[in-house]
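The chain contents come next:
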Amino acid sequence: MARRRRAAARYPGGIPRLKFPREAPSRSTLKLDEAFQVLLTEAERNALLRPGASAVDLGAAPGGWTYQLVARQMRVTAIDNGRVDAGLMASGLVTHLREDGFRYRPPKPVDWLVCDMVEKPGRVAELVARWFAQGLVPGSGVQPQAADEATLRGMDPGIAGTEGVDRQGLHGAGAPALS
Ligand SMILES: C[S@@+](CC[C@H](N)C(=O)[O-])C[C@H]1O[C@@H](n2cnc3c(N)ncnc32)[C@H](O)[C@@H]1O
């Protein structure tokens, strides 16, 4: 809430006017850019979106969100059956895997998870909660309280994953390494 109030004070109407970077492969890039601008302070952006940090981008094609991470010299595993922009691949910072984003798990924990798969918001929220519960991304102040494996196992996906979370209108989820 406090962050949203700060954002409203910082930007006219609470909406930052962001410039579309011409070399980005999709306009979706602005969604993640806006999230970084609104949800993180400058100090957090500098500390958390640092060169060399690792990230997984679920539903990455054509690469608008991956672009934001690569622009910060982060290493990105881009998960999508679709094609990822050739310029991004040429950066040497992107590994593209044609895998199902709901099944993919990284071999070791990563600093960031971002997800823009077009799916039921509840299903995406549950997936992100599982990544937290499995220790695949660092804990965060926004970590769902129920995100432990035992609780998740007991969840009926139709109830826990959809009704409870859909009401909050979540779509597209990021799991920053806030401590
Ligand atoms: C809105 S687009 C993502 C746009 C991307 N964030 C960007 O900035 O360019 C949604 C993507 O999710 C992918 N997708 C949907 N379901 C998926 C799944 N189960 N596994 C991996 N990718 C999936 C689609 O192929 C599509 O490319």
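Right, let's walk through the structure included here. What you are looking at is a predicted structure, and each value in this text was computed from that prediction instead of being measured.

Examining the overall build of the chain
When helices and strands are tallied, the chain shows eight helices and five strands. For the chain, the α and β elements follow one another from N to C terminus as α-α-α-β-α-β-α-β-β-α-α-α-β. By residue count, 32% of the 179 residues in the chain fall in the buried class. If you take every contact in the chain between residues at least 6 apart in sequence, the share linking residues at least 24 apart comes to 53%.

Some words on the environment of His96
Among the structural elements, His96 can be located in strand S3 (residues 94–97). When the C-alpha atoms of His96 and Gly82 are compared, they prove to be 9.6 Å apart, with 14 residues separating the residues in sequence.

A look at the environment of Ser26
The residue Ser26 is located in the loop between helix H1 (2–10) and helix H2 (29–39) in this model. On the neighbour-count criterion, Ser26 (17 C-beta atoms within 10 Å) is partly exposed. Apart from residues lying up to four places away in sequence, Ser26 is in contact with Pro62, Gly63 and Gly64.

A closer look at the site of the ligand
The ligand sits among 21 residues. The nearest are Ser28, Gly59, Gly64, Gly101 and Asp116. Taken together, the residues of the shell around the ligand sort by class into nine nonpolar, nine polar and three charged.

Topic: H2
Buried residues of H2: Thr29, Leu32 and Asp33, and no others. In an axial view of H2, the angular spread of the buried residues amounts to 105 degrees, which keeps them on one side of the axis. On its buried side, H2 packs onto helix H4 (64–70) and strand S4 (112–115).

Structural notes on the pairing of S4
Residue alternation in S4 divides its side chains into two sets, Trp112 and Val114 and Leu113 and Cys115, and both sets are buried. Direction of pairing for strand S1 (residues 54–58) relative to S4: parallel, over a ladder of four bridges. Bridging from a neighbouring strand, Leu58 pairs with Cys115 of S4.

Some points on the nonpolar core
Counting 32 residues, the largest nonpolar core has Ala55, Val70, Val76, Leu113, Val114 and Val128 as its most contacted members. Contributing elements (two or more residues each) for this core: S1, H4, strand S2 (75–79), S4 and helix H6 (121–133). Look past the residues within four positions of Ala55 in its chain and what remains in contact with it is Leu69, Met74, Val76, Val110, Asp111, Trp112 and Val114.

Describing the environment of Phe132
Among the structural elements, Phe132 can be located in helix H6. Here Phe132 falls in the buried class, since 20 other C-beta atoms lie within 10 Å of it. Along the primary structure Phe132 and Pro109 are separated by 23 residues, whereas in three dimensions their C-alpha atoms are 10.0 Å apart.

Looking at H6
With 13 residues, H6 extends 18 Å between its outermost C-alpha atoms, agreeing within 8% with the 18 Å of an ideal straight helix rising 1.5 Å per residue. Inspection of H6 places Gly122, Val124, Ala125, Glu126, Leu127, Val128, Ala129, Trp131 and Phe132 among the buried residues, and these make up the whole buried set. With its phi angle positive at about 70 degrees, Gly135 sits one or two positions after the end of H6.

Here we look at unusual backbone geometry
Along the chain, Ala61 connects to Pro62 via a cis peptide bond; the corresponding omega equals 0 degrees. Within the secondary structure, Pro62 sits in the loop between S1 and H4. A positive phi angle is found at Gln73, which is not glycine, with a value near 60 degrees. Mapped onto the secondary structure, Gln73 falls in the loop between H4 and S2.

Reading the values: the criteria
Residues numbered from 1 in each chain as written. Predicted model: local features only at pLDDT ≥ 70, side-chain atom pairs only at ≥ 80, totals over all residues. Helix = DSSP H or I, 4+ residues; strand = E, 2+ residues; numbered from the N terminus. Buried ≥ 20, exposed ≤ 12 C-beta atoms within 10 Å, placed from the backbone. Contact = placed C-beta atoms within 7 Å. Near = placed C-beta within 6 Å. Nonpolar A, V, L, I, M, F, W, Y, C, P; charged D, E, K, R; others polar. Arc of directions from axis to C-beta. Pairing = 2+ DSSP bridges. Core = buried A, V, L, I, M, F, W, Y, C linked by C-beta atoms within 7 Å. Expected span 1.5 Å × (residues − 1).

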